[in-house]
Amino acid sequence: MLEIDQQGMVIHNTQVTPRRSLMIERGRMVQVQGIVVHQTNSSSEKSVFNSYQNPKANGAHFLIAKDGTIYQTASLLFKTNHVGRLRSRCLAEKRCAPADIAMQARAGYQQIHDSEMSKSVPARYPSNADSIGIEIVGVAIPPAPGSIPSSLQGRSRERYIEEHSTYEAVNGPQKMSLQYLIDELAQFLSIPKTEVHRHPDVSYKNRTEASTASWQ
Ligand SMILES: [Zn+2]
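These lines cover the structure that appears in this document, whether it is placed above or below.

1. Observations regarding the sheet that holds strand β5 (residues 62–64)
Point 1. Here six strands make up an open sheet; going across it, the order is β3-β6-β5-β7-β4-β10 and the pairing mixed. Strands at the two margins of the open sheet, each flanked by one partner only, are β3 (16–18) and β10 (196–198). The mean angle between the axes of side-by-side strands here comes to 25 degrees, regardless of whether they run parallel or antiparallel.
Point 2. The pairing of β5 with strand β6 (residues 70–72) spans three bridges and is antiparallel. Note that in β6 the partner of L63 across the bridge is Y71.
Point 3. The strands touched by helix α6 (residues 172–189) within the sheet are β4 (34–39), β5, β6, β7 (131–136) and β10, with β7 carrying the most contacts at an inclination of about 170 degrees.

2. Notes on the environment of Y204
Point 1. Looking at the secondary structure, you find Y204 in the segment after α7 (199–202).
Point 2. When the C-alpha positions of Y204 and R87 are compared, they lie 7.0 Å apart, and in sequence the two are 117 residues distant.
Point 3. Aside from chain neighbours lying at most four places away, what touches Y204 is R85, R87 and Y109.

3. With respect to the pairing of β7
A regular strand places its side chains on the two faces of the sheet in alternate fashion.
Point 1. The buried fraction of β7 is high, at six of six residues.
Point 2. Going residue by residue along β7, you find S131, G133 and E135 tucked away on one face and I132, I134 and I136 tucked away on the opposite face as well.
Point 3. Relative to β7, β4 runs parallel, the two being bridged by six bridges. Bridging across to β7, V36 finds its partner in G133.
Point 4. Pairing between β5 and β7: three bridges, direction parallel. If you follow F62 over to β7, its bridge partner there is I134.

Cut-offs used in this document
Residues numbered from 1 in each chain as written. Predicted model: local features only at pLDDT ≥ 70, side-chain atom pairs only at ≥ 80, totals over all residues. Pairing = 2+ DSSP bridges. Helix = DSSP H or I, 4+ residues; strand = E, 2+ residues; numbered from the N terminus. Axes fitted to C-alpha atoms, helices over the stretch in contact; angles between N-to-C directions. Contact = placed C-beta atoms within 7 Å. Buried ≥ 20, exposed ≤ 12 C-beta atoms within 10 Å, placed from the backbone.

And the structure:
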């Protein structure tokens, strides 16, 4: 069983290395209802630690390096921004009420998010307000330059590249560490495994992010 100190940091644990970044913490988290798994789009943990020095940085609570080292980067008592706007869960699970379907037909991402936040888990996905984030170091490999339509310029070209990139596979040591961390957190926080999600399933992200991450 995980042991947590009064600051919300894991202690007495040879598998979790403390590397807290106060800059990414965003106020107390009242209740933890889920876990969201990410990939960093970076080749090592160094650039992530650097970005966590920025007072506006988004970040997650844990970071799993290429060699499987687990860093705790934020206190379990605090929220961090790692999810973004929520997708409709009833839509993904094909159980929306007619009123929900009608609203979504004319709503933008923000309106859908706001509507989701008026529900509670498991009717909606876990959000920034109530989930632990786990980042796994890994790059998104961009599409071949020749395959990018030349008509696209500037921001729309960037968006095309983002959407058509493919995240590298989570490696063996990372898989073992992820399984360990999810098992321990789920038990410690009493979170059912059905509330452990990949980032693109809960928000609007590249579909391949964390697609090769697995847990039981
Ligand atoms: Zn993510």
